[in-house]
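Residues per chain are reported as follows:
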Amino acid sequence: MALYIGVMSGTSLDGMDIALVELGASITLLATHYIPMPEGLRSDLLQLCASGPDEVARSAIAENHWARLAAQGVNDLLAQQELAPERIRAIGSHGQTIRHEPAQGWTVQIGNPALLAELTGISVVSDFRRRDVAAGGQGAPLVPAFHEALFTHNTANRAVLNIGGFSNLSLITTENPVAGFDCGPGNVLLDAWIQEERGELYDRSGQWAASGNVEPLLLEALLRDPFFQTQGPKSTGREVFNLKWLQHHLLALPTFTAENVQATLLELTALTIVQSLQTAQSCTDELLVCGGGAHNAALMARLKQLLPNTQVNSTEARGVDPDWVEAMAFAWLAHCCLENIPTNRPSVTGARGLRVLGAIYPA
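The structure displayed is predicted, hence computed values, not measured ones.

Participant: Can you walk me through helix H9 (residues 243-250) in this structure?
Facilitator: In an α-helix, one turn spans 3.6 residues; hence positions three or four apart end up facing the same way. The set of residues buried in H9 consists of Trp 245, Leu 246, His 249 and Leu 250. On an axial view of H9, the arc spanned by its buried residues comes to 140°, and they lie on one face. Exposed and facing more than 90 degrees away from the buried side of H9 are Lys 244 and His 248. The inward-facing, buried residues of H9 abut helix H6 (188-198), helix H8 (216-223) and helix H10 (258-280).

Here it is, written out as structure tokens:
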């Protein structure tokens, strides 16, 4: 048995999830720590998701700030658990994605893993996506292999749905290799719209969306985006789905209310998840949901309505807190890298074959 730490900050940019995980015959979450993202760093990272002046310098400064925040969180967690850095075999750090263009052969995650290793005294494994992209893959999603390891069941056709800024599915059956892909926006548009209209970071429990009604013309226009017409392997990001994308479509509406737009965005998230699932796996016994979207009661209720023959549950139903699945995954990915175990899945990313993912920065 060995101890690892997973560090994850996703496209929502709300904060960092830091998980202490024991890996051996089983995968056990031992402790967690969360750090809110400082508003200044959040703003800097968001700006780096689009072209702008002096990007190289701004990126270097932002990733140093990111690494220092991650190191603070790791050291705080170690202090809380009374663990010396020597007890931890490695930190698996996803870093922060600022651009993702696999069709052009590149993806960028920043987070200065060398500085993180220096500030914690723990080896860091990072840069998990680029090896898969180099092999012709999408570099995303990364978690289906971990979902398979954590949630394989001998009798059920199961799917694991992560709803972060974007939503992605892992399809787990007894007959076939794990499959998976991005479905489209998860919380990214819902968060962007409520921030724009009400100055709130997110729609708590989906209450604002539940107060509105779906705008059919807007929904039809959003669903015509080319991304939704393709099947996996596929991945996406803020390069495609962002506030400007939404506002462009709103220009075609004669009138609308802000809450109706929010209701429509929730419906977009739910429909694209369900359509993706039913196209790829016609019979699903259980859908396990993790990520921040698992706390959106309105979204969870809509998924259950659209999938009447499927059990839709949070991963909590299988003993795993939905807030920490992603951070746990990066601890596991670090372990696999150090053990020379391939963790990409060609059936997920479209890569030419299995590859060991990650770059190692020794303590």
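Participant: What should I look at first to understand the sheet that holds strand S3 (residues 27-36) in this one?
Facilitator: Adjacent strands of a sheet form backbone hydrogen bonds with each other and so pair up, either parallel or antiparallel. Taken in spatial order, the six strands line up as S3-S2-S1-S4-S7-S13 in an open sheet, and their pairing is mixed. Each edge of the sheet is formed by a strand with only one pairing partner; in this case those strands are S3 and strand S13 (359-361). Across this sheet, the average inter-strand angle for adjacent strands is 20°, counted without regard to direction. Strand direction decides the pairing type here: strand S7 (residues 124-126) and S13, joined by three bridges, are antiparallel. Considered in S13, the bridge of Val 124 is made with Tyr 361. Along the sheet, helix H2 (residues 55-81) makes contact with strand S1 (2-8), strand S2 (15-23), S3 and strand S4 (88-93), crossing S3 at roughly 125°.

Participant: Hey, could you run me through the pairing of strand S9 (residues 166-172) in this one?
Facilitator: Sheet faces and side chains relate simply in a regular strand, where the side chains alternate between the two faces. When you tally the buried positions in S9, you get seven out of seven residues, the bulk of the element. Of the two faces of S9, the one lined by Phe 166, Asn 168, Ser 170 and Ile 172 and the one lined by Ser 167, Leu 169 and Leu 171 are each fully buried. The sheet contact formed by strand S8 (residues 158-163) and S9 spans six bridges and is antiparallel. Among the inter-strand pairings, Ala 159 is bridged to a residue of S9, identified as Leu 171. Linking S8 back to S9 in an antiparallel pair, the connection comprises two residues.

What counts, and where the lines are drawn
Residue positions within a chain follow its written sequence, with the count starting from 1. Under the rules for a predicted model, residues below a pLDDT of 70 receive no local features and side-chain atom pairs below 80 are neither given nor counted, while totals for whole chains, interfaces and linings still include all residues. Hydrogen atoms and water are omitted, and side-chain values are computed over all heavy atoms in the structure. Burial classes: relative accessible area under 20% of the type maximum marks a residue as buried, over 50% as exposed, and values in between as partly exposed (1.4 Å probe, protein chains only). By the criteria applied, helices consist of DSSP H or I runs no shorter than four residues and strands consist of E runs no shorter than two, each listed in order from the N terminus. The directions considered for the arc run from the helix axis to the C-beta atoms. Contact between two residues is taken to exist if any of their heavy atoms lie within 4.5 Å; hydrogens are not considered. Pairing between strands requires that DSSP locate at least two bridges from one strand to the other. Convention adopted: a line fitted to C-alpha atoms gives each axis, helices being fitted over their contacting stretch, and angles between N-to-C directions are expressed from 0 to 180 degrees.

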